[in-house]
Amino acid sequence: MNAKTTFFPTTALRHLPPYVFAELDRLKNDARAQGVRLVDLGIGSPDLPISPAIINALTKAAREKQSHGYPPFRGVACYLDSIGRFMRSRFGVTIDPLHQALALSGAKEGLAQIVMALCGPGDLALIPEIYYPVYARSVWLVGAEVSWVPMRANNGFVLDLDAIPEQDAQAARVLIINYPNNPTGARVEREFYDRAVAFARRHNVLLISDVAYSELCYGGEPAPSALEADPECETTIEFHSCSKTFNMAGLRIGFAVGNTDAIEALAAYRTNVGYGTATALQHAASYALDHRTELVPPTVREYQYRRDTMIASFARAGWQISAPTASMYLWLPVPAGLDDWTWVKMLIRDEGLVVTPGIAFGDGGRGFFRISLVREAETLSRAAEAISRRTFANALLSN
Ligand SMILES: Cc1ncc(COP(=O)(O)O)c(C=O)c1O
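Residues numbered from 1 in each chain as written. Predicted model: local features only at pLDDT ≥ 70, side-chain atom pairs only at ≥ 80, totals over all residues.

A. Quick peek at the pairing of strand β5 (residues 172-178). Within β5, six of the seven residues are buried, which leaves it mostly tucked inside the rest of the structure. Two strands pair when backbone bridges link them, and β5 and strand β6 (residues 206-210) are joined in this way by five bridges, in the parallel orientation. Within β6, the position partnered with Leu175 by the bridge is Leu207. The β-α-β motif built from β5, the intervening helix α9 (residues 190-203) and the parallel element β6 has right-handed crossover chirality. (Buried ≥ 20, exposed ≤ 12 C-beta atoms within 10 Å, placed from the backbone. Helix = DSSP H or I, 4+ residues; strand = E, 2+ residues; numbered from the N terminus. Pairing = 2+ DSSP bridges. Right-handed = clockwise from strand over helix to strand, strands pointing away.)

B. Up close: the environment of Val39. On the secondary structure map, Val39 appears in strand β1 (residues 39-40). In the structure, Val39 is positioned 32 residues away from Pro71 in sequence and 39 Å away in space, judged by C-alpha atoms. The contacts of Val39, once residues within four sequence positions are left out, are Gly352, Leu353, Val354, Arg375, Thr379 and Ala383. (Contact = placed C-beta atoms within 7 Å.)

C. Local environment of α9. Look at α9: 20 Å from first C-alpha to last across 14 residues, which is about the 20 Å you get at 1.5 Å a residue. Buried residues along α9 sit against β5, β6 and β7 (236-241). Once α9 ends, the next one or two residues include Asn204, with phi positive near 55 degrees. (Expected span 1.5 Å × (residues − 1).)

D. Geometry of the sheet that holds strand β2 (residues 101-104). One open sheet holds the seven strands; their spatial order is β2-β8-β7-β6-β5-β3-β4, and the pairing between them is mixed. One side of each edge strand has no neighbouring strand; the edge strands of this open sheet are β2 and β4 (145-149). Strand-to-strand twist of the sheet, defined as the mean angle between neighbouring strand axes without regard to direction, takes the value 20 degrees. Direction of pairing for β6 relative to β7: parallel, over a ladder of four bridges. Within β7, the position partnered with Asp210 by the bridge is Phe239. Across the sheet, helix α7 (residues 134-141) is in contact with β3 (124-128), β4 and β5; its angle to β3 comes to roughly 165 degrees. (Axes fitted to C-alpha atoms, helices over the stretch in contact; angles between N-to-C directions.)

E. Representation of the pairing of β3 in the model. Most of β3 sits out of view: five of its five residues are buried. Here β3 shows a buried face lined by Leu124, Leu126 and Pro128 and a second buried face lined by Ala125 and Ile127. Summarising the sheet, β3 and β4 pair through five bridges and their orientation is parallel. Residue Ala125 lies in a different strand from β4, and its bridge partner there is Val146. Handedness of the β-α-β unit built from β3, α7 and β4 comes out right-handed. Pairing geometry for β3 and β5, over three bridges, is parallel. Of the residues in β5, the one forming a bridge with Ala125 is Val174.

F. Representation of the site of the ligand. What surrounds the ligand is a group of 13 residues, the closest being Gly106, Lys108, Asn182, Ser241 and Ser243. When grouped by side-chain class, the residues that make up the shell around the ligand number four nonpolar, seven polar and two charged. (Near = placed C-beta within 6 Å. Nonpolar A, V, L, I, M, F, W, Y, C, P; charged D, E, K, R; others polar.)

G. Fine view of the domain arrangement of the chain. Each assigned domain of the chain is listed here: domain 1 (11-49 + 294-398) and domain 2 (52-292). Here domain 1 and domain 2 have C-alpha centroids that lie 26 Å from each other. Of the residues lining the interface, 29 residues belong to domain 1; the matching set on domain 2 comes to 32 residues. Secondary structure elements with two or more residues in the side of domain 1 that touches domain 2: α1 (11-14), α12 (292-316) and β9 (329-333). Classifying every residue of the side of domain 1 that touches domain 2 gives 16 nonpolar, nine polar and four charged. (Domains from an automatic or database assignment.)

H. Representation of the nonpolar core. Counting 122 residues, the largest nonpolar core has Ala125, Ile127, Val174, Leu175, Leu207 and Ala284 as the members making the most contacts within it. Residue contributions to this core peak at seven residues, all from helix α11 (residues 279-290). For this core, the domains that each give at least three residues are domain 1 (11-49 + 294-398) and domain 2 (52-292). Not counting the four nearest positions on each side in its chain, Ile127 is found in contact with Tyr135, Ala136, Val139, Val146, Trp148, Val149 and Ile176. (Core = buried A, V, L, I, M, F, W, Y, C linked by C-beta atoms within 7 Å.)

I. Here's a closer look at unusual backbone geometry. A cis amide bond, omega -10 degrees, links Tyr179 with the succeeding residue Pro180. Checked against the element boundaries, Pro180 lands in the loop between β5 and α9. Looking along the chain, the bond that leaves Asn182 and enters Pro183 is cis, with omega of 15 degrees. On the secondary structure map, Pro183 appears in the loop between β5 and α9. For Asn204, which is not glycine, the phi dihedral falls at a positive 55 degrees. Mapped onto the elements, Asn204 comes out in the loop between α9 and β6.

J. Region of the structure containing the sheet that holds strand β12 (residues 368-372). Taken together, the three strands give an open sheet; going across it, the order is β9-β12-β11, and neighbouring strands pair in antiparallel fashion. Strands with a single pairing partner mark the edges of an open sheet, and in this sheet they are β9 and β11 (356-357). Relative to β12, β11 is paired through two bridges, and the arrangement is antiparallel. Across the sheet, the residue bridging to Thr356 is Arg370, located in β12.

Here it is in structure tokens:
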């Protein structure tokens, strides 16, 4: 048999490490086939509904004839304008929407596409050692290489930029950062972005900031944008998503803003492989951004309530957890003596609970697991009881 007739994927695709969420899916299917009823706190897919006002904006736009042809490549004017208003009102950053903004069918594919637009075989990308999978996978898919940036619990999961070897900093084309962070829930202040932008300028690296969770913050100041530290967009491109902020994950819409050349490269890549983002969706997202001050707070209140309920349940069971101040996740240590997969399989088999092993987010995530707060508080409270019961049973066994 020769590779040409067997339709083998490329060497790069074949050599990607196994996708942990696919393995998790297999385990879930096996458990369901054996009659186990699962509570799935694995993938971070919001269970909250899209606001009816956003759906109205979507259906109204879908009825308009100009939504029926291919969309304009870079984005519909009203969406680009809303992005400009959002960046100004939320972060105090002024951009030129025509040249510094781009509609995306979700931040995830935009993140992959900017890497694919800028990196090729042999290039180097600086990626956090605990990472949302697409960052490293897109680098590997184009035959480029990753240099891991340390991101440790004892440093509050803030990237240690000073630990990047000078040689890698010089060679790298991009540095990807993500705060508020998935999976750890860590946040950074403006000062971190000042340092990241200074690093990017010093080494002529594109700073790629992923702020998919910028609006899901509990208490304190709202999360900053990296562009606050780079208001001229000299070295930064930032990716925003409507998936978590407006519960629109299923509709697939987000946007990129920032450096004109990087936006141009991303637009060129997208133009060559697709037709952009559906016009009607852009109208819906435009409505959402323009009405964020009324649409987002109920979602934030619900996640905060869920977080607090779950943490109180852990505390009643004797497990003190410090509450993350952002994101929709809890990031907890796997009980001593167990590896991530053994623990995750045990929870599925014995408790009907699905959580994500830390290894899904790279080697740096080993020894942790992630709980997504994507069920109502009562279910999460029962999940915390079950997890605590298992944790303490395991501690007794291993003593
Ligand atoms: C850190 C991070 N970035 C980006 C995304 C993807 O966002 P989108 O749904 O807009 O593609 C996610 C989704 O879970 C995420 O966790």
